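Descriptive analysis of the structure
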Amino acid sequence: MKAVVLLSGGLDSAVTAYIAKAQGYDIYALTFDYGQRHRKEIEAAKKIVKKLSVVEHKILSIDLTQIGGSALTSDLAVPQGKSFSEIKSSEEIPVTYVPARNTILLSCALGYAEVVGADAIFIGANHMDYSGYPDCRPEYFAAFQDLANLATKRGIEGNYVEIKTPIINLDKKEIILKGAELNVPFELTWSCYVGGEKACGKCDSCTIRLAGFKQAGLKDKIKYNK
Ligand SMILES: [Zn+2]
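A few points on the structure.

Scoring rules and cut-offs
Going along each chain's sequence as written, the residues are numbered from 1 onward. Restriction of local features to residues with pLDDT of at least 70 applies here, the model being predicted, together with a cutoff of 80 or more for giving and counting side-chain atom pairs; totals for whole chains, interfaces and linings are based on all residues. Only hydrogens and water are removed before side-chain values are computed, so all heavy atoms of the structure are retained for them. By definition, any uninterrupted DSSP run of H or I lasting at least four residues is a helix, any uninterrupted run of E lasting at least two residues is a strand, and each is numbered from the N terminus. Every helix has an expected span of 1.5 Å times one less than the residues it contains. With a 1.4 Å probe rolled over the protein chains alone, any residue whose accessible area is under 20% of its type maximum counts as buried; one over 50% counts as exposed, and the rest are partly exposed. Contact between two residues is taken to exist if any of their heavy atoms lie within 4.5 Å; hydrogens are not considered. Excluding water, the donors of a metal are its N, O and S neighbours within 2.8 Å, or within 3.2 Å for Na, K and Ca, and that exclusion means sites may look incomplete. In short, tetrahedral needs four donors with all angles between 85 and 135 degrees, square planar needs four and octahedral six donors with opposite donors over 155 degrees apart and all other angles between 65 and 115, and whatever is left is irregular. Relevant arc is that of directions from the helix axis to the C-beta atoms, nothing else. Whenever a nitrogen or oxygen atom comes within 3.5 Å of another N or O atom, the pair is scored as a polar contact, on the condition that within protein one atom can donate a hydrogen and the other can accept it, and that pairs from neighbouring residues in sequence are kept only if both atoms are in side chains. Two strands make a pair as long as DSSP finds a minimum of two bridges between them. When the strands point away from the viewer, a crossover counts as right-handed if the route from the first strand across the helix to the second turns clockwise. Angles here are taken between N-to-C directions and fall from 0 to 180 degrees, while the axes themselves are lines fitted to C-alpha atoms, restricted in helices to the stretch in contact. The cut-offs work like this: below 35 degrees is roughly parallel, past 145 is roughly antiparallel, 65 to 115 is roughly perpendicular, and the gaps in between are oblique. By definition, turning the near helix anticlockwise from the far helix through less than a right angle yields a left-handed crossing, and turning it clockwise yields a right-handed one. We define a nonpolar core as any set of buried Ala, Val, Leu, Ile, Met, Phe, Trp, Tyr and Cys residues linked to one another through side-chain atoms lying within 4.5 Å.

**Topic: helix α1 (residues 11-22)**
- When the terminal C-alpha atoms of α1 are compared, their 17 Å separation across 12 residues agrees well with the 16 Å that a helix rising 1.5 Å per residue should span.
- Summarising burial for α1: 10 of the 12 residues are buried, a large majority.
- Against the buried residues of α1 lie β1 (2-6), β2 (26-33), α2 (40-52), β4 (120-122), α7 (172-181) and α8 (204-216).

**Overview of the coordination of the zinc ion**
- Here the zinc ion is held by Cys192 (SG), Cys200 (SG), Cys203 (SG) and Cys206 (SG), and the distances to it run 2.3 to 2.4 Å.
- In this structure, the zinc ion is coordinated by 4 donor atoms arranged in tetrahedral fashion, with angles at the metal of 104 to 119°.
- Mapped onto the polypeptide sequence, the residues donating to the zinc ion form the spacing pattern C-x7-C-x2-C-x2-C.
- Taking relative accessible area as the criterion, Cys203 reaches 0% and is therefore assigned buried.

**Description of α7**
- Burial in α7 covers these residues: Lys172, Ile175, Ile176 and Gly179. Down the axis of α7, the buried side of the element spans an arc of 95°, and every buried residue falls inside it.
- For α7, the N-terminal cap is Asp171; the gap from its side-chain oxygen to the backbone nitrogen of Lys173 is 3.2 Å.
- With its phi angle positive at about 60°, Asn183 sits one or two positions after the end of α7.

**Overview of the environment of Leu11**
- Assignment of secondary structure puts Leu11 in helix α1.
- For Leu11, a relative accessible area of 2% gives the class buried.
- When the C-alpha atoms of Leu11 and Ser70 are compared, they prove to be 21 Å apart, with 59 residues separating the residues in sequence.
- Discounting chain neighbours no more than four positions away, the residues touching Leu11 are Ile175, Ile176, Phe186, Thr189, Ser191, Arg209 and Phe213.

**Some points on the pairing of strand β3 (residues 56-61)**
- Of the pairings in the sheet, the one linking β2 to β3 comprises 6 bridges and is parallel in character. Each residue of the ladder has a partner; that of Thr31, found in β3, is Ile59.
- Following the backbone out of β2, through α2 and into the adjacent parallel β3, one traces a crossover that is right-handed.

**Describing the packing of α1 against α7**
- Their axes nearest at 10 Å, the elements α1 and α7 cross at an angle of 45°. One finds that α1 runs oblique with respect to α7. For the crossing formed where α1 meets α7, the hand is left-handed. On α7, the residues touching Leu11, Asp12, Val15 and Ile19 of α1 are Lys172, Ile175, Ile176, Lys178 and Gly179.

**Comments concerning the pairing of β1**
- Where burial is concerned, most of β1 is hidden: 4 out of the 5 residues are buried.
- In terms of strand pairing, β1 meets β2 through 5 bridges, oriented parallel. Considered in β2, the bridge of Lys2 is made with Asp26.
- Bridge analysis of β1 against β4 gives 3 bridges, and the strand direction is parallel. In the sheet register, Val5 faces β4, and the bridge partner there is Phe122.

**A short note on the nonpolar core**
- Counting residues in each nonpolar core, the largest one holds 41 residues, and the members touching the most others are Val4, Leu6, Leu106, Ile121 and Phe141.
- Elements represented by at least two residues in this core include exactly β1, β2, α4 (101-116) and α5 (138-151).
- Per element, the largest residue contribution to this core is 7 residues, and it comes from α4.
- Not counting chain neighbours up to four residues away, the residues in contact with Ile121 comprise Val4, Leu6, Leu106, Ala109, Leu110, Ala113, Val161, Glu162, Ile163 and Lys164.
- Core analysis: the second largest hydrophobic core is formed by 27 residues, Ala17, Val49, Phe122 and Phe213 among them.

**What about unusual backbone geometry?**
- Look at Ser53: it is not a glycine, yet its phi comes out positive at around 55°.
- Position of Ser53 relative to the elements: it lies in the loop between α2 and β3.
- Judged by its relative accessible area of 44%, Ser53 falls in the partly exposed class.

If you want it as structure tokens, here you go:
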């Protein structure tokens, strides 16, 4: 069995890649250089694939800064200093939402999957910690599955590419515990939205990551700015 795994270099995508591996898939890792604020994530993805051993690691360039509209792809500031409970209870879609990102990335993954003959596409989305991202919801992935079946040659032939979201219903603590069980090298992953030598420790992504490790009773070995 073969699987295309979307690997951003973040913690969630690393755990997802290890889950795919544990399920017996040969991994075709796909990382996007979409103009995100920093290169740290992409460097992290390169280190993770070395540990994981994959068939192929593709880094696709799609310059989403030409569209902009997100704190991750424009000059808009990344919000910092919100508490864990503020992030969890917020009903607003945060400015770190990248317009239609998962649709853009999954569409590329679908094309890649069809070319290499992959049976599945794994994506490490979850909707427990980020309630605000519309393209991280289970109903979104169900709709994309329907689209994938209609959109591809192999879909028409009844040979579907399965869209798999193994951590969609897990919170960060549960994702970290699952990753620990699979020996995911957390120290190689990068979650901070800001970038820099060390993680900022103050953006939403850092705050959720730090809370997750604390709740899991594990130490996060990456370095943070104090
Ligand atoms: Zn951060």
